[in-house]
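# Inside the fold
For reference, the chains in residue letters:
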Amino acid sequence: MAKGKQKQGRGRAAEPVSERVDGGTAELVPDRDRPRGFTLLIDGAPQSHVDLDDPSYLDFAYQRRLGHVADLVAPPGKPLQVLHLGGGAFTLARYVAATRPRSTQQIIEIDAPLVHFVRRELPLDSGWRVRVRGGDAREGLARIPDGWADLIIADVFSGARTPAHLTSTEFVGEVRRALRPGGFYAANLADGPPLAYVKAQIATVRTVFPELCLTADPAVLRGRRFGNAVLLASDRELPLAELTRRAATDPHQGRVEHGRALADFTGGAAPVTDASARPSPAPPPSVFE
């Protein structure tokens, strides 16, 4: 359990609180099952979940999958240098700080009012080495020194869509530049049938990284519904057996695709460039009902 300022956050009797931010209306809704747990919504769309008493707890399925990546990028307990593109409620940064003390982390978030809202309502522990920078994710990435990061997590949404300039081969090339050899790149992708966006992202990332895998709910992979998929890439062999085991035993079971199966899934999708990039698809209204 975290200590220090973490204890100064919202208490047991907290009520929902909302505020206008650049991305719309941000709202923090208390978790009925966790006294100091909260879900962040933007214009009614769930973005993040935070438990101030237990920052190692990850409620959302896609965040649990990103947590597995953070667990497996290096031996347990080893401090990491992590770059988070997109802030939300800083859920994954809190997770890394709690599970890997002395890690150094940077968060790049363009929505300054959202950062202020989250910092005020769900403060970060004063002992954590987490720096939050304002600005565009790609511009912030360009300022990261070569080989600085052990892990880069991309979880950027504007109006529930990933901006086009964060989907191209040029962007992924910048990611690889900022990663140390053997580092991991993990991207949260949101798509629905026929999964054209996810397939194009696999093709795009494959032009830069030799090793890839995709983890998602089987119903999403089969194109039965809109949902999240986590794409993991590296220049070294991935811990596929352990990722597969963890995905299969999660509360919301996932499936890991890699190798020939991932190539077959991708089909003839073409890589995306800056010239051809488009935002990720908007989720149907029924996703949030």
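In this report, we go over the structure that sits alongside the text. (Residues numbered from 1 in each chain as written. Predicted model: local features only at pLDDT ≥ 70, side-chain atom pairs only at ≥ 80, totals over all residues. Heavy atoms only, no water.)

## Side note on the sheet that holds strand β8 (residues 149–154)
Ordered by their spatial adjacency, 8 strands build an open sheet running β7-β6-β5-β8-β9-β11-β10-β12, and the pairing between neighbours is mixed. Each edge of the open sheet carries a strand with a single partner, namely β7 (129–134) and β12 (255–258). Between one strand and the next, the sheet's axes are offset by a mean angle of 15 degrees, whatever the strand orientation. Sheet topology places strand β5 (residues 81–85) next to strand β6 (residues 104–109); 5 bridges connect them, and they run parallel. Bridge pairing in β6 links Gln 81 to Thr 104. Along the sheet, helix α9 (residues 259–266) makes contact with β10 (211–216) and β12, crossing β12 at roughly 85 degrees. (Pairing = 2+ DSSP bridges. Helix = DSSP H or I, 4+ residues; strand = E, 2+ residues; numbered from the N terminus. Axes fitted to C-alpha atoms, helices over the stretch in contact; angles between N-to-C directions. Contact = heavy atoms within 4.5 Å.)

## Notes on the nonpolar core
With 37 residues, the main nonpolar core has Leu 85, Ile 152, Tyr 185, Phe 209 and Leu 214 as its most contacted residues. If near-sequence neighbours (up to four positions away) are discounted, Tyr 185 is found in contact with Ile 152, Ala 154, Phe 171, Val 175, Leu 179, Val 205, Phe 209, Leu 231, Leu 232 and Ala 233. Listed in part, the 25 residues of the second largest apolar core include Phe 60, Leu 72, Leu 92 and Val 230. (Core = buried A, V, L, I, M, F, W, Y, C linked by side-chain atoms within 4.5 Å. Buried < 20%, exposed > 50% of the residue type's maximum accessible area, 1.4 Å probe, protein only.)

## Observations concerning the pairing of strand β3 (residues 37–42)
The buried fraction of β3 amounts to 6 of the 6 residues, a majority that puts the element mostly inside the structure. Because side chains alternate across β3, one face comprises the buried residues Gly 37, Thr 39 and Leu 41, and the other comprises Phe 38, Leu 40 and Ile 42, equally buried. Where strand β2 (residues 24–30) meets β3, 5 bridges bridge the pair, whose relative direction is antiparallel. Paired with Ala 26 across the strands is Ile 42, a residue of β3. From the end of β2 to the start of β3, which pair antiparallel, there are 6 residues. From the end of β3 to the start of strand β4 (residues 45–51), which pair antiparallel, there are 2 residues, and Asp 43 there has a positive phi angle of about 50 degrees.

## Thoughts on the sheet that holds strand β1 (residues 17–21)
Pairing within the open sheet is antiparallel, and its 4 strands lie in the order β1-β2-β3-β4. Edge positions in the sheet fall to β1 and β4, since each of these pairs with one other strand and no more. Averaged over all neighbouring strand pairs, the angle between strand axes comes to 20 degrees, with direction disregarded. Across the sheet, helix α3 (residues 112–121) lies against β1, β2 and β3, angled at about 155 degrees from β1, the strand it touches most.

## Details of the pattern of salt bridges
Counted under the stated rule, the structure contains 15 salt bridges. Its salt-bridge partner being Arg 34, residue Asp 51 comes within 2.6 Å of it at the nearest N-O pair. Taken together, the positions of Asp 51 in strand β4 and Arg 34 in the loop between β2 and β3 put the pair 17 residues apart, joining distant regions of the chain. With a shortest N-O distance of 2.6 Å, Glu 242 and Arg 245 are connected by a salt bridge. Placement of both Glu 242 and Arg 245 in helix α8 (residues 240–249) is noted, with a separation of 3 residues, approximately one turn of the helix. For Glu 242, a relative accessible area of 24% translates into the label partly exposed. A single salt-bridge network, built from bridges that share partners, covers Asp 71, Glu 242, Arg 245 and Arg 246. (Salt bridge = Lys/Arg side-chain N within 4 Å of Asp/Glu carboxyl O.)

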